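Here is how the chains run, residue by residue.
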Amino acid sequence: MSESRYPDSVCSFLSAHGGGHLCSGALAEMPEVVRVFRASAPCGEADPLGPAHLAWLSAMADCISAMDERVYEHVRALMDLFRASIFAAPRDQLLGEDAWRPLLDRGIQLGLLPEDLYGSLPARPHVAVPDLLCGVKGGSRS
Amino acid sequence: MKLLFCSARSASVLLREDGDYYLPFPVALSLNGENLGEERRSLVSLFGLLPDTEYELSLFRPGADPETLSFRTESETCTLDVRRFGASGDGSTDDTPALQAAIACCPPGGRVLLPPGRYLSGPLFLRSHITLELQKDAVLALSTDRSRFPILPGVTFPTCGEKDLLLGSQEGNPLDSFAAALTGVEVEDVNLIGEGIIDGQGPDGDWWVRPKEKNRSWRGNLLLLERCKRITVQGLTFRNSPFWNLHPLFSEDLDFLNVNVEAPSNSPNTDGFDPESCRRIRLLGALFSVGDDCIAIKSGKIWQGRELKIPCEDLEIAYCAMLDGHGGVTVGSEMAGGVRRVRVHHCWMRGNDRGLRIKSRRGRGRQAVVDDIRFEDIRMEGVKMPLVVNCMYFCDPDGHSAFVQSRDPQPVDEGTPTIGSIVFERVRAEGCQACAGYILGLPEQPVESLTVRDSVFSFRENAPALVPAMAENVPAVHNRGFIARFIRELKVENVTMDRIDGPMVAEE
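The structure presented is a predicted model; accordingly, all values stated were derived computationally and were not measured.

Colleague: How should I be thinking about the overall build of chain A in this particular structure?
Modeller: A tally of regular secondary structure across chain A gives eight helices and zero strands. Ordered by position from the N terminus, the helices and strands of chain A form the series α-α-α-α-α-α-α-α. Per-residue burial over chain A gives 49% buried out of 142 residues. The long-range fraction of contacts in chain A, counting pairs at least 24 apart against all pairs at least 6 apart in sequence, stands at 56%. If you sum the accessible surface of chain A, you get close to 6,300 Å²; carbon and sulfur atoms cover 54% of it.

Colleague: Quick question: what am I supposed to make of the sheet that holds strand S2 (residues 11–14) of chain B here?
Modeller: Backbone-to-backbone hydrogen bonds join strands into a sheet, with any given pair of strands oriented parallel or antiparallel. Residue and element names in this part refer to chain B. Taken in spatial order, the three strands line up as S1-S2-S5 in an open sheet, and their pairing is antiparallel. One side of each edge strand has no neighbouring strand; the edge strands of this open sheet are strand S1 (2–6) and strand S5 (43–46). For this sheet, the mean angle separating the axes of adjacent strands, direction not counted, is 20°. Bridging between S2 and S5 involves four bridges; their strand directions are antiparallel. By the bridge assignment, Ser12 is partnered in S5 with Ser45.

Colleague: Before we go on, may I ask you to explain the pattern of salt bridges in this structure?
Modeller: Close approach of charged atoms allows side chains of opposite charge to pair. All names here are of chain B. All told, the structure shown has 45 salt bridges over all chains when counted by the stated rule. As a salt-bridge pair, Glu448 and Arg488 come within 2.9 Å of each other at their nearest N and O atoms. Placement of Glu448 in strand S41 (residues 447–459) and of Arg488 in strand S43 (residues 487–498) is noted, with a sequence separation of 40 residues between them. Salt bridges here are not isolated pairs; linked through shared partners, they connect Arg343, Arg374, Glu376, Asp377, Glu425, Arg426, Arg453 and Glu493.

Colleague: Help me understand unusual backbone geometry in this model?
Modeller: Residues and elements named next belong to chain B. Along the chain, Gly332 connects to Ser333 via a cis peptide bond; the corresponding omega equals 0°. Tracing the chain through its elements places Ser333 in the loop between strand S33 (327–331) and strand S34 (339–350). The residue Asn494 is not glycine, and still its phi comes out positive at about 50°. Note on Asn494: relative accessible area 59%, which makes it exposed. We note that Arg499 has phi near 60°; this positive angle belongs to a residue other than glycine. Relative to the assigned elements, Arg499 resides in the loop between S43 and strand S44 (505–507). A relative accessible area of 43% places Arg499 in the partly exposed class.

Colleague: Help me understand the environment of Ala138 of chain B in this model?
Modeller: Residues and elements named next belong to chain B. Tracing the chain through its elements places Ala138 in strand S14 (residues 138–142). Each C-alpha atom, one on Ala138 and one on Arg306, is 43 Å from the other, the two residues being 168 residues apart in sequence. Setting aside anything within four residues of it in sequence, one finds Ala138 in contact with Leu114, Pro115, Pro116, Gly117, Tyr119, Gly196 and Ile197.

Colleague: Teacher, can you tell me more about the sheet that holds strand S19 (residues 182–185) of chain B here?
Modeller: Residue and element names in this part refer to chain B. Judged by pairing direction, the sheet is parallel, and its four strands sit side by side in the order S12-S19-S22-S25 without closing on themselves. Taken across any chain shown, the strands that pair with only one partner, and hence form the sheet edges, are strand S12 (124–125) and strand S25 (246–249). With four bridges joining them, S19 and strand S22 (residues 223–226) adopt parallel strand pairing. The residue bridging Leu182 from the neighbouring strand is Leu223, located in S22.

Colleague: What is the right way to look at the nonpolar core in this model?
Modeller: Generally speaking, nonpolar side chains in soluble globular proteins are found buried as a group. All names here are of chain B. Counting residues in hydrophobic clusters, the biggest one holds 109 residues, and the most contacted among them are Leu114, Phe256, Leu283, Ile295, Ile297, Met322 and Phe457. Structurally, this core is a two-domain feature, drawing no fewer than three residues from each of domain 2 (77–292) and domain 3 (303–508). Ignoring sequence-local partners within four residues, the contact set of Phe457 consists of Pro386, Phe424, Val427, Ala429, Ala436, Val452, Phe482, Val495, Thr496, Met497 and Asp498.

Colleague: Please clarify how the environment of Gly109 of chain B should be interpreted in this entry.
Modeller: Residues and elements named next belong to chain B. The topology assignment puts Gly109 in the loop between helix H1 (96–105) and strand S10 (110–114). For Gly109, a relative accessible area of 36% puts it in the partly exposed group. For the pair formed by Gly109 and Gln170, sequence separation is 61 residues and the distance between their alpha carbons is 33 Å.

Colleague: What should I look at first to understand the pairing of strand S7 (residues 67–72) of chain B in this one?
Modeller: The side chains of a regular strand alternate, first on one face of the sheet and then on the other. All names here are of chain B. As paired strands, strand S6 (residues 54–60) and S7 are joined by six bridges and run antiparallel to one another. Bridge pairing in S7 places Glu54 opposite Arg72. Counted between consecutive antiparallel strands, the loop separating S6 from S7 contains six residues, among which Gly63 sits at a positive phi close to 80°.

Colleague: How should the interface of chain A and chain B be read in this particular structure?
Modeller: How big an interface is tends to be stated in terms of accessible area lost as the parts join. Listed by partner, the interface residues are 17 residues for chain A and 18 residues for chain B. Carbon and sulfur atoms make up 57% of the surface buried where chain A meets chain B, a total of about 1,600 Å² over both sides. The interface formed by chain A and chain B holds one salt bridge in total. In this structure, Asp164 of chain B and Arg76 of chain A form a salt bridge, with 2.3 Å as the shortest nitrogen-oxygen distance. Here chain A is connected to chain B by one residue pair in polar contact (both at pLDDT 80 or more).

Each value, and the rule that gives it
- Position numbers for residues start from 1 in each chain and track the written sequence from start to end.
- The naming scheme follows written order: chains are lettered A onward, ligands numbered 1 onward.
- Where totals are concerned, whole chains, interfaces and linings use all residues; where local detail is concerned, this predicted model gives features only for residues with pLDDT of at least 70, and gives and counts side-chain atom pairs only at 80 or more.
- Hydrogens and waters are ignored; side-chain quantities use all the structure's heavy atoms.
- Strands are runs of DSSP state E lasting at least 2 residues, helices are runs of H or I lasting at least 4, and numbering of each runs from the N terminus.
- Each residue's exposure class comes from its accessible area (1.4 Å probe, protein chains only) as a fraction of the maximum for that residue type: buried when under 20%, exposed when over 50%, partly exposed otherwise.
- We call two residues in contact when some of their heavy atoms are within 4.5 Å.
- The Shrake-Rupley method, run with a 1.4 Å probe, gives the accessible areas here. Residue values count only the displayed protein chains as cover.
- Two strands make a pair as long as DSSP finds a minimum of two bridges between them.
- Lines are fitted to the C-alpha atoms to define the axes, a helix being fitted only along its stretch in contact, and any angle between axes, read from their N-to-C directions, falls within 0 to 180 degrees.
- Definition used for salt bridges: Asp or Glu carboxyl oxygen within 4 Å of a side-chain nitrogen of Lys or Arg.
- Only buried residues count toward a nonpolar core. Its members are Ala, Val, Leu, Ile, Met, Phe, Trp, Tyr and Cys residues joined through side-chain atoms within 4.5 Å.
- For the domains described, the bounds stem from an automatic or database domain assignment.
- Once two parts are brought into contact, the accessible area they lose, counted with a 1.4 Å probe and summed over both, makes up the buried area.
- Side-chain atoms alone can form a polar contact between residues adjacent in sequence; in general such a contact is a pair of N or O atoms within 3.5 Å, and within protein one must be able to donate a hydrogen while the other accepts it.

Here it is, written out as structure tokens:
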């Protein structure tokens, strides 16, 4: 197995969700990595801003920044998933959670979230809510 | 003679239609009675004209009556000389602010003029309805200090609405990339004219060192036209680009006339002309000698093709010379949006690896349809393989995988690309080496049709064997005719081949 190109957080996440075999970071693995992220979306969780959701998004942000741009379509799939999930979250609750602040800052830094996020989080989601988490779990989106 | 383009200061004229880059014989020209000397090219551009003025161009050849063409130049609102804006043109002062100021201040119908001199500059951004002229002996020398280059963000998500803003582009993906020496974003009605040079100074910077590594950003072009309309590029020489030279993207109604594109044969990815997801383009009378493909017609990689669905279509490439680049005319491999209605005619190719090369692979998608590609009246000298169609091109991280390379039929699905009709007509190819043509379709989606008509292919004697296509398990060959696999219809009519081993057409 070649040396992993993923951060530890991504490797841990993939391992915990049955994707441990993907941790080499080989480019050809990317479609499967995206599938694992989709399949592990914490939909149906009682607390939509709970630790499982935060861990999922954090690992995804790490993965987005580490992935090779030659597989842009897969990077893009994760970018869309990340953004959609953020924009679907209850706004006031999201911005009020200190634990989420580093993730949101990271999203801004990666160009995934608007610079003025804290002042103008879009009132409506970029992607329809039903399509965000549960809708993509089966991998129907590309 | 046929007038193809006329600005306030220039004109382009097709002298005869029966040559290629060169005329069948030299002619003499005069303009309003003034002798212009001998001309050997089929397409000629005239500079130094005056606005709103009548001209008469005369063509002379022995044993024939003179031909004349009358035309009137366009009007012009003003000329802004960049030296009046503070440009030094000494080759060492950073002239970026002065040049950009002149462009920004130019009113509609005006001309920004770079007189003779060497103008060191970072990337400049164009604006609509102006002419930018680099006179003979004017050089726009692109800075080599990438730390001072602006970056075009690949994707910017919308604040409101649904549409992403795509700016930076790299090999078919929206990725952060350095701005081009001349960048036009959503500009219209611009003329870039003159006998001057836009010099990327590739050998003097670090652009060609570890070129596949992202260094602050991806490499930029010498000319990027993004979502532009009605742009004419005439007469200019583009030299030593950091990356692809000319890159029109999502643009339409573009003319490139008598441009020259030069880069060393070993310079990485210095494609000459890469229109991507554009329509209605004319590339006429251009001369290429570059380090990669002379012309590469594209429409994005998978995400771009699937999401944007913008093909590259209605292209005319004629009276051009393509010397020494890897491919004369290449389609792909980023062709996920489709490429159609491309007519290449009256061109001269010399020393290329391949004349026409179509590259595709499984996964490019349902939109990835290449259709109606015509090669007519083409002269090739020492082109190793005049035609290669490869649907198993081993690009991208999974290019060598069984998914891409399997010769067993795979399910036809949303990832399956299509190759439609290709026509080779009146092609004269001398000094071929490997084969006249190599066609590798997909078993589940064969190439629809290839017609080769009224053509001649002659080979070097005992030419060295070469691998004709970049796919797995393709053996090296030499002195072969057409080798085809997974094609529905292959018509060969009135074709002769000289010094070939085996049949003219073989399915293997």
